[in-house]
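Below, each chain spelled out in residue letters.
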Amino acid sequence: MNTCTKRIREIASALLEKKEVEKVIGFATGTIPMASNPIVVTSKQDVEKLVFNSTCGLNLANYIRNHKGKIAVIAKGCDARNIVTHVIENQADREKLHIIGVPCSGMIDKNKVASLFKDDIVEFIEDGDTATIKSATKEETINKKDYLRHNCSLCTHKNPVIYDDLACDEGEEQSLEIPYPDVDAIQSLDANAKWQHFQELTKNCIRCYSCRNARPLCYCPTCFVDEAGPQWVGKGQDETDVNTFHFLRAFHCAGRCTDCGACVEACPMDINVRDFTRKLNKDSFELFGWEAGLDTTRRPPLDSYSPDDPNDFIK
Amino acid sequence: MGNLLEHMGIERDRVHFSWISSAEAIKFVDIVKEISEKVRALGPNTKLVKEYNE
Amino acid sequence: MILSSKEKGHTMKFITIDKKDWAKGIENSRKAYQLFGPVKEKNGVLIKNLEKGVLPLMEYTDSVMSAKSVMFPQSEMILKTTLDESKEDHHIMKRVDTNYSPRAVVGMRPFDAKAIQLVKMNFDTKDFRDPYWCDAYEATTFVGLAVNKPGLYDFSTSAGSGPFGEDGLDVLLADMDDKYVAKILSDKGQDFIDIFAVGTSSDEKESQVLFDVLRKEAEKNIASAIETDKLKDKTILYLHEAPFWDDVAFSCINCGTCTYVCPTCWCFDIQDETKRKASTRFRNWDTCMSSLFTSHASGHNPRDAKTQRVRQRFMHKLKYFPDKYEEGIMCVGCGRCVKSCPVNIDIRKVAKTMNSYENKE
């Protein structure tokens, strides 16, 4: 068991025992290799189910809405930023949250790991910076650093920005000379090549909406794609409708997305839907000097007005 | 929004933003002319347009 | 020996196809069939229409999507009309001209064929016949590829199917190193093999022995099972009111992944789209995981909460369906939902919870 998991269990156990919180939201080991399962723990004996490792790629800020009593939640750097966004947007009451922060060393890209094997992975065991992976026919030991998810390899906020307890020591943040290489690459294409890139990207989207639902940002009672009166977008597989969904989904995240990667993690078709949102993150940063979820006292750029806002686009 | 549309491959000149007062008839005409010219130069849009049912 | 149509009629159950001749056979079958089969794309293995020159992928462990889309596409244009009142037949919906010429799915997994038989119970009943699904079904020949090495997620043997399952297939192919041995299971299968026109007939007894050896070896590889034996004796209400559903549903994010990757999920939604004077009716896959699925026009929603929706999915597959049809569970053990679920809700674990549930009060 890693020290982080141990600490999480100790903290959770103490919180439940002292009745400081009603429940603890965290990760449990999944039923299949490289999977983790978000769970809610309400009793001391269930605390043993809690784990933290580099397969905990979902964002638990997604589970903190609509609780009556006080809850505790495990939060990586990006989860904590989404909690900040929730507080700013009045979706969560900071007073009713006990945040168990986990400085994070990045999540494993499960598809990248799977691509090393021809058959199914049957075992994934982590040991510090390395992981040993087995299939029925092969065994590989990898350096986890080389198999991080794309968003994790570009992460500059691994340490939680708000927390009540820390489950392990804070790590050193990296600084990036080129923070948005992927956006730059698309931006350098001409209009038709850009269009082709996104057509190819979303070609096999099945509109399961796991990207939308895995993200803590999407909490509207009725999403625009589900609205029936008026209906904003077709529900079929026509590429126009599929792309309209992705485009608007992304735009609704402008200035709110923390690039936690849960959308990509959730996608059964392995579509990098971050290609849409990353552009908006870059714009937010370049136009407004804004990175989402860093400060509970600042309003996000799209819900505040400043005379300094860039307005060259208005004729 | 224009930036994201452009990023997706919808030409920038297809989307225009303007603030025109009801008293600014001349500005309105000028801007509509400018938009028309720019969009005409790009030709008909085929992106985000459904093809069936024609 | 090339088969001639003359030989049709007398029993010729097994054909051996040298892998060197495989591509030729596929090309031959194109003359009479629209071909579908597994293809590897960057999103994983999908079942798609095989474009000219594309061979079905014959070595793969899992396909992300099942073969149900061959009869039941995710979006299908079904009816059309004009709103132009100067036309005599305006506002009268008419079937669109879909190509129902013979189709063949080559290289599909046996559990997908079994799943299609389960879906058939819904679309082709004593009282109703869904014309779109049935016409496509009747046009289709199912050529399965037995699973020599089942993957980690396969639990088909406990779900009424298996790596060498024959239910719903017209031909079952087994990969035997440098050759495929095809077992012909129906007249449709015989027709396909005739047109395939490559291969030599094999001794029935010997071939069956080979099949049995491979089948037993494959079945040994399946390590997990779905437990449902006690569900029949528990009442619907008993399971419905059980206290574990909130825990089962907690992590669910209500995406539609499990239902869309499922080969047996058959629910659909009807949508009309109008462009100028043309009105088109579509049928799209729907998912019981979405709250919209049961949303009434009045605003009332009988399955408003996540737990209700998650319960519905498992109760339908493991209780309502078996009780209604008495043909086993509505799951063939393909494991796709287990593999694709973003939050690791595992039907085997849920079934176990349901199966072992005893109300102690």
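The rules behind each value
Residues numbered from 1 in each chain as written. Chains lettered and ligands numbered in written order. Predicted model: local features only at pLDDT ≥ 70, side-chain atom pairs only at ≥ 80, totals over all residues. Helix = DSSP H or I, 4+ residues; strand = E, 2+ residues; numbered from the N terminus. Rg over C-alpha atoms; globule rule 2.2 N^0.38 Å. Buried ≥ 20, exposed ≤ 12 C-beta atoms within 10 Å, placed from the backbone. Contact = placed C-beta atoms within 7 Å. Nonpolar A, V, L, I, M, F, W, Y, C, P; charged D, E, K, R; others polar. pLDDT = per-residue confidence, 0-100. Domains from an automatic or database assignment. Axes fitted to C-alpha atoms, helices over the stretch in contact; angles between N-to-C directions. Left-handed = near helix turned anticlockwise from the far one by under 90°. Parallel < 35°, antiparallel > 145°, perpendicular 65-115°, else oblique. Pairing = 2+ DSSP bridges. Expected span 1.5 Å × (residues − 1). Arc of directions from axis to C-beta.

**What to know about the overall build of chain B**
(1) Moving on: Helix and strand counts for chain B stand at two helices and zero strands.
(2) Moving on: Relative to its length of 54 residues, chain B is extended, with a C-alpha radius of gyration of 14 Å against a globular reference of 10 Å.
(3) Moving on: Structurally, chain B occupies a C-alpha span of about 40 × 25 × 20 Å along its principal axes.
(4) Moving on: Going through the 54 residues of chain B one by one, you find that 9% of them count as buried.

**Things to note about the overall build of chain C**
(1) Moving on: Secondary structure summary: chain C contains eleven helices and twelve strands in total.
(2) Moving on: In terms of C-alpha radius of gyration, chain C reaches 22 Å, essentially the compact-globule figure of 21 Å for 361 residues.
(3) Moving on: When the 361 residues of chain C are sorted by exposure, 43% land in the buried category.
(4) Moving on: Across chain C, the fraction of contacts at a sequence separation of at least 24, relative to all contacts at a separation of at least 6, is 72%.

**Some remarks on the interface of chain A and chain C**
(1) Moving on: Contact with chain A, which involves 33 residues of that partner, is made by 34 residues of chain C.
(2) Moving on: Breaking the side of chain A that touches chain C down by element, the ones donating at least two residues are strand E2 (36-41), helix H7 (210-214) and helix H9 (262-266) of chain A.
(3) Moving on: If you tally residues by element for the side of chain A that touches chain C, the top one is E2 of chain A, at five residues.
(4) Moving on: Class assignment for the residues of the side of chain A that touches chain C results in 15 nonpolar, eleven polar and seven charged.

**Some remarks on the confidence of the model for chain C**
Residues and elements named next belong to chain C.
(1) Moving on: Of all residues in chain C, 96% attain a pLDDT of 70 or more, and the chain-wide mean is 94.
(2) Moving on: The low-confidence segment residues 1-10, where pLDDT is below 50, has nine contacts with residues more than four positions distant or belonging to other chains.
(3) Moving on: Reported confidence for the predicted complex is 0.94 by ipTM and 0.94 by pTM.

**Some details on the domain arrangement of chain C**
All names here are of chain C.
(1) Moving on: Assigned domains within chain C: domain 1 (5-220) and domain 2 (231-355).
(2) Moving on: Each of domain 1 and domain 2 has a C-alpha centre, and these two points are 26 Å apart.
(3) Moving on: Between domain 1 and domain 2, the contact holds 37 residues from the first and 29 residues from the second.
(4) Moving on: For the side of domain 1 that touches domain 2, the secondary structure elements donating two or more residues are strand E4 (75-82) and helix H2 (110-123).
(5) Moving on: A per-class count over the side of domain 1 that touches domain 2 returns 18 nonpolar, ten polar and nine charged.

**Quick notes on the packing of helix H8 (residues 239-251) of chain A against helix H10 (residues 274-288) of chain A**
Residues and elements named next belong to chain A.
(1) Moving on: Running from N to C, H8 and H10 cross one another at 35°; their axes reach a closest spacing of 9 Å. H10 is crossed by H8, and the crossing has right-handed handedness. Seen from H8, the contacting residues are His246, Phe247 and Ala250; seen from H10, they are Phe276, Thr277 and Leu280.
(2) Moving on: Of the residues that constitute the contact of H8 with H10, the class distribution is four nonpolar, two polar and no charged.

**Quick look at the packing of helix H1 (residues 19-30) of chain C against helix H4 (residues 187-196) of chain C**
Residue and element names in this part refer to chain C.
(1) Moving on: Close contact between H1 and H4 brings their axes to 7 Å; oriented N to C, the two are set at 110°. Considered as vectors, H1 and H4 are oriented roughly perpendicular to each other. In this structure, H1 contributes Gly25, Asn28 and Ser29 to the contact, and H4 contributes Phe192, Ile195 and Phe196.
(2) Moving on: When its residues are assigned to classes, the contact of H1 with H4 shows three nonpolar, three polar and no charged.

**Describing the sheet that holds strand E8 (residues 171-176) of chain C**
Each strand in a sheet pairs with another by means of backbone hydrogen bonds, the pair being arranged parallel or else antiparallel.
All names here are of chain C.
(1) Moving on: As summarised here, the arrangement of the eight strands in space is E3-E2-E6-E7-E8-E9-E1-E10, forming an open sheet in which the pairing is mixed. Of all the strands in the sheet, the pair left with one neighbour each is strand E3 (44-49) and strand E10 (200-202). Neighbouring strand axes in the sheet, compared pairwise and without regard to direction, differ in orientation by 25° on average.
(2) Moving on: Across the sheet, H2 lies against strand E6 (103-108), strand E7 (140-145) and E8, angled at about 145° from E7, the strand it touches most.

**Quick notes on unusual backbone geometry**
Residue and element names in this part refer to chain A.
(1) Moving on: Cis peptide bonds are those with omega within 30 degrees of zero, and the linkage from glycine 229 to proline 230 qualifies with 0°.
(2) Moving on: With respect to the helices, strands and loops of the structure, proline 230 is situated in the loop between H7 and H8.
(3) Moving on: The backbone of lysine 19 sits at a positive phi, close to 55°, despite the residue not being glycine.
(4) Moving on: The phi dihedral of aspartate 259 is positive, around 55°, even though this residue is not glycine.
(5) Moving on: With respect to the helices and strands, aspartate 259 occurs in the loop between H8 and H9.
(6) Moving on: Under the C-beta neighbour-count criterion, aspartate 259 is labelled buried, with 24 such atoms within 10 Å.

**Thoughts on the sheet that holds strand E8 (residues 139-143) of chain A**
Residue and element names in this part refer to chain A.
(1) Moving on: Across the sheet, three strands lie side by side as E6-E7-E8; this open sheet has antiparallel pairing. The open sheet has two free edges, formed respectively by strand E6 (121-127) and E8, since each of these has just one partner strand. Pairs of neighbouring strands in the sheet enclose a mean axial angle of 20°, with direction left out of account.
(2) Moving on: Pairing analysis gives five bridges linking strand E7 (residues 130-135) to E8, with the strands arranged antiparallel.

**Describing the pairing of E6 of chain C**
All names here are of chain C.
(1) Moving on: Along E6, six of the six residues are buried, which leaves the element largely enclosed by surrounding structure.
(2) Moving on: In terms of strand pairing, strand E2 (residues 34-41) meets E6 through three bridges, oriented parallel. Bridging from a neighbouring strand, phenylalanine 36 pairs with valine 105 of E6.
(3) Moving on: As defined by bridge partners, E6 adjoins E7 across five bridges and the pair is classed as parallel. Its bridge partner being in E7, valine 106 is matched across the sheet by valine 143.

**Quick notes on the environment of threonine 132 of chain A**
All names here are of chain A.
(1) Moving on: Relative to the helices and strands, threonine 132 resides in strand E7.
(2) Moving on: Taking the C-alpha atoms as reference points, threonine 132 and isoleucine 142, separated by ten residues in sequence, lie 6.4 Å from one another.
(3) Moving on: Contact partners of threonine 132, with chain neighbours within four places excluded, come to Ile125, Asp127, Glu139 and Thr141.

**Details of H1 of chain C**
All names here are of chain C.
(1) Moving on: Here H1 spans 18 Å end to end across twelve residues, near enough to the 16 Å set by a 1.5 Å rise per residue.
(2) Moving on: Taken as a whole, H1 has its buried residues at Gly25, Ile26 and Ser29. Buried residues of H1, viewed axially, fall in a sector of 100°; they line one side. Opposite the packed face of H1, turned more than 90 degrees from it, sit the exposed residues Lys20 and Ala23.
(3) Moving on: The inward-facing, buried residues of H1 contact strand E1 (14-18), E2, E6 and H4.

**Considering helix H2 (residues 77-88) of chain A**
All names here are of chain A.
(1) Moving on: End to end, H2 covers 17 Å across twelve residues, agreeing with the expected 16 Å (1.5 Å per residue, within 8%).
(2) Moving on: Of all the residues in H2, the buried ones are Gly77, Cys78, Asp79, Ala80, Arg81, Asn82, Ile83, Val84, Thr85 and His86.
(3) Moving on: Those residues of H2 hidden inside the fold are in contact with strand E4 (71-75) and strand E5 (97-101).
(4) Moving on: Positive backbone phi, approximately 60°, marks asparagine 90, located one or two places after H2.

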